[in-house]
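Here's the letter readout for the chains.
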Amino acid sequence: MRGLHYPFENTPIPGEWQPVAEGIYWLRMSLPMALDHINLYVLEDDEGWWIIDTGMGLDSTQKAWNTLFDGPMKGKPVVGVIVTHMHPDHVGQAGWLCEKWRAPLYMSFGEYYNARTFSTMPFDKVPWTTREYFIGAGVEQDYMDKMRAKMRGFGSIIEPMPLAYHRLCEGDVLSIGGRDWRVMIGSGHSPEHVCLFNERDQLLFSGDQIIPRITSNISVMPSEPRDNPLLRWMASLDRFQKDLPAETLVFPAHNTPFTGVHKRLSYLREHHEDHLQAVEEACLTPQTAVQLLPVLFSRELELTQMNLALGEAIAHINYLVEAGRLSCQTDEKGVHWYKTVSAEVATRAGRDHHKDPAPLEV
């Protein structure tokens, strides 16, 4: 988007890294999905290496890490593993890395225990609460059958989680490589997403909280069907806009490092405001969550994308219901129908420009 600057022309290939600041190295691992990569980072300290995010629990990811351990990281141990949040592409190799190096894991409370919970949940059957969630959204039985057939769960793509961790809280400071990194906690994409900010050099490890070219998925999960993550997401955008200097160099988990964080944060808020207004306008006639998917996503969604897309639609719905802008009626089959409370909903010209081609698969 306009107003962003990308200072690095090249991207590292798996098994290699690229220096992006003194003592900071950018590496990239492959992902088996439409979003085909994740950015990871290594910080050099006198005592050894600190890793920020770990990659998905795949053999290819471990192979890439071992190439680095036998190459540029040789001669120093890994002394700390920091995971920004619970999603498999970030936490997937944490257990293996911590065990291999006997290194401590650093996460926030909400992210660590959600990762522990989701990685050990049985996925051999769909619980009644999950069925109720999908029925309420207007999902047909054949979709739930297909979903069950493809369901593997977190545990199939992450290494077993470490059984101990060091809790990261808002305002904590980690001193690594001659820099102080302040913990900034965001929310919405995940419960207590950790970002690390160095004020002196204006550097930010943003994880999925701020990404330059794609929008982070903001979803309601079947485990918490009345959640309002979009409200927390918007509050986080406002907070980061206020607390980050305009010239901060951002190291995101996807796409490439960039500057122009204020413009990006403003765009993300506008993006969701446009989506909220589009949903509100569509609900002048009662709609289900499934019927609202074309309002938010401009192309046909694959089965693998449907859960994230549906979760994002419900996130926008729950935001509007809690704000008193939508009402909800449940029919005899358990399907929820949403209707705009005010008949004076103005059309916002050009909102289709902000439709997502697909949800972010993280």
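Please read these numbers as outputs of a predicted model, since none were measured by experiment. (Residues numbered from 1 in each chain as written. Predicted model: local features only at pLDDT ≥ 70, side-chain atom pairs only at ≥ 80, totals over all residues. Heavy atoms only, no water.)

### Focus: the overall build of the chain
We apply this condition: The helix and strand labels rest on DSSP assignments: H or I over at least four residues marks a helix, E over at least two residues marks a strand, and numbering proceeds from the N terminus. With C-alpha atoms as the basis for the radius of gyration, the globule rule is written as 2.2 Å multiplied by the number of residues raised to the power 0.38. Note on exposure labels: buried denotes an accessible area under 20% of the residue type's maximum, exposed denotes more than 50%, and partly exposed covers the range between, all computed with a 1.4 Å probe on protein chains only. Contacts were defined at the residue level, with two residues in contact if any of their heavy atoms lie within 4.5 Å. In these tables, accessible area is a Shrake-Rupley quantity obtained with a 1.4 Å probe, and a residue counts as shielded only by the protein chains included in the view.
A tally of regular secondary structure across the chain gives 10 helices and 14 strands. In terms of overall size, the chain behaves like a compact globule, its C-alpha atoms giving a radius of gyration of 21 Å where 362 residues would be expected to give roughly 21 Å. In terms of overall dimensions, the chain has C-alpha extents of about 65 × 45 × 35 Å along its principal axes. Residues classed as buried in the chain amount to 55% of the 362 residues present. Long-range pairs, those at least 24 residues apart, make up 68% of the contacts in the chain between residues at least 6 apart in sequence. Put simply, the chain shows about 16300 Å² of open surface, and 50% of that area lies on carbon and sulfur atoms.

### So, the pattern of salt bridges
Short version of the rule: Put simply, a salt bridge is a Lys or Arg side-chain nitrogen that is within 4 Å of an Asp or Glu carboxyl oxygen.
Following the criterion strictly, the structure yields 10 salt bridges and no others. Of the charged contacts in the structure, one is a salt bridge between Asp201 and Arg179, with a shortest N-O distance of 2.8 Å. On the criterion of sequence distance, the pair formed by Asp201 in the loop between strand S10 (193-198) and strand S11 (203-207) and Arg179 in strand S9 (residues 179-186) is long-range, its members being 22 residues apart. Taking the relative accessible area as the measure of exposure, Arg179 reaches 8% and is therefore buried. Across the pair Arg269 and Asp238 runs a salt bridge, and its minimum N-O distance is 2.9 Å. Within this pair, whereas Arg269 is found in helix H8 (residues 261-282), its partner Asp238 is found in helix H7 (residues 229-243), the two being separated by 31 residues in sequence. Taking the relative accessible area as the measure of exposure, Asp238 reaches 39% and is therefore partly exposed. By sharing partners, the salt bridges in this structure join Glu170, Arg239, Lys242 and Asp243 into a single network.

### A look at the packing of aromatic side chains
The way to describe two aromatic rings as a pair is by their centre distance and the angle between their planes. Inclusion rule: A pair of aromatic rings is counted whenever rings of Phe, Tyr or Trp (Trp by its six-membered ring) have centres within 6.5 Å, and the orientation is called stacked for planes under 30 degrees apart, edge-to-face for over 60 and tilted otherwise. We count a charge as sitting over a ring when the NZ of a lysine or the CZ of an arginine lies within 6 Å of the ring centre and within 35 degrees of the ring normal.
Inspection of the entire model under this criterion finds 17 aromatic pairs. With 6.4 Å between their ring centres and 35° between their planes, Phe69 and Trp96 make a pair best called tilted. In this pair, Phe69 sits in helix H1 (residues 59-69) while Trp96 sits in helix H3 (residues 94-101), placing the two residues 27 residues apart along the sequence. The burial state of Phe69 is the same as that of Trp96; both residues are buried. Three or more aromatic residues joined by ring pairs make a cluster, and in this case those are Tyr41, Trp181, Phe205 and Phe251. If you follow Arg213 out to its NZ or CZ, it ends over the ring of Tyr6, 4.0 Å from the centre. The aromatic ring of Phe240 is capped on one face by Arg239, whose charged end is 5.3 Å from the ring centroid.

### So, the sheet that holds strand S7 (residues 166-167)
Formally: Think of it this way: DSSP has to see at least two bridges between two strands before they count as a pair. Working convention: axes come from line fits to C-alpha atoms, limited for helices to the stretch in contact. Angles between N-to-C directions cover 0 to 180 degrees.
Taken in spatial order, the seven strands line up as S1-S2-S3-S4-S5-S6-S7 in an open sheet, and their pairing is mixed. Of all the strands in the sheet, just strand S1 (17-21) and S7 have a single pairing partner and so form its edges. In this sheet, S7 lies alongside strand S6 (residues 105-107) in parallel orientation, the contact comprising two bridges. Pairing of Tyr106 across the sheet is with His166, part of S7. Strands in contact with H1 are S1, strand S2 (24-30), strand S3 (37-44), strand S4 (49-52) and strand S5 (78-82); relative to S2, the strand with the most contacts, it is inclined by about 150°.

### So, the nonpolar core
Definition in use: Throughout this description, the term nonpolar core refers to a set of buried Ala, Val, Leu, Ile, Met, Phe, Trp, Tyr and Cys residues connected via side-chain atoms within 4.5 Å.
Phe134, Leu204, Ile210, Leu244 and Val279 are the most contacted members of the largest nonpolar core, which has 49 residues in total. Elements with a contribution of two residues or more to this core: helix H5 (128-137), helix H6 (141-150), S10, H7, H8, helix H9 (293-296) and helix H10 (303-322). Here the element with the most residues in this core is H10; it accounts for nine residues. If we skip the residues at most four places from it in the chain, Leu204 touches Met184, Cys195, Leu196, Phe197, Ile210, Leu244, Thr248, Leu249, Val250 and Phe251. In this structure, Leu27, Ile38, Val78 and Leu105 belong to the second largest nonpolar core, which totals 37 residues.

### Observations regarding helix H4 (residues 109-120)
We apply this condition: Every helix has an expected span of 1.5 Å times one less than the residues it contains.
With 12 residues, H4 extends 17 Å between its outermost C-alpha atoms, agreeing within 8% with the 16 Å of an ideal straight helix rising 1.5 Å per residue. Three or more residues of H4 are buried, namely Gly110, Glu111, Tyr112, Ala115, Phe118 and Ser119. Tucked inside the fold, the buried residues of H4 contact S6 and S10.

### Overview of the pairing of strand S12 (residues 249-252)
For clarity, the threshold we go by: By the criterion used throughout, a crossover qualifies as right-handed when its path from the first strand across the helix to the second strand runs clockwise, the strands pointing away from the viewer.
Of the two faces of S12, the one carrying Leu249 and Phe251 and the one carrying Val250 and Pro252 are both buried. Handedness of the crossover is the feature at issue here: the chain leaves S11, passes through H7, returns alongside S12, and the resulting connection is right-handed.

### Brief notes about the packing of H7 against H8
The following threshold applies: Angles below 35 degrees are treated as roughly parallel, those above 145 as roughly antiparallel, those between 65 and 115 as roughly perpendicular, and all remaining angles as oblique. In this scheme the crossing of two helices becomes right-handed for a clockwise turn of the near helix relative to the far one and left-handed for an anticlockwise turn of less than a right angle. The nonpolar class holds Ala, Val, Leu, Ile, Met, Phe, Trp, Tyr, Cys and Pro. Asp, Glu, Lys and Arg form the charged class, and all remaining residues, Gly among them, are polar.
Between H7 and H8, the least distance of the axes is 9 Å, while the angle of their chain directions is 155°. Taken as axis vectors, H7 and H8 run roughly antiparallel relative to one another. When you trace H7 past H8, the crossing you get is left-handed. On the side of H7, the interface is formed by Leu230, Trp233, Met234, Leu237, Asp238, Phe240 and Gln241, while H8 contributes Val261, His262, Leu265, Ser266, Leu268, Arg269, His272, Glu273 and Leu276. Across the contact of H7 with H8, the residue classes tally to nine nonpolar, four polar and three charged.

### Thoughts on the sheet that holds S12
The five strands lie next to each other as S8-S9-S10-S11-S12, forming an open sheet whose pairing is mixed. Looking along the sheet, the strands with just one partner apiece sit at the ends: strand S8 (173-176) and S12. Along the sheet, successive strands turn relative to each other by an average axial angle of 25°, direction set aside. In terms of strand pairing, S11 meets S12 through four bridges, oriented parallel. Paired with Leu204 across the strands is Val250, a residue of S12. H7 contacts S9 and S10 of the sheet and is inclined by roughly 155° relative to S9.

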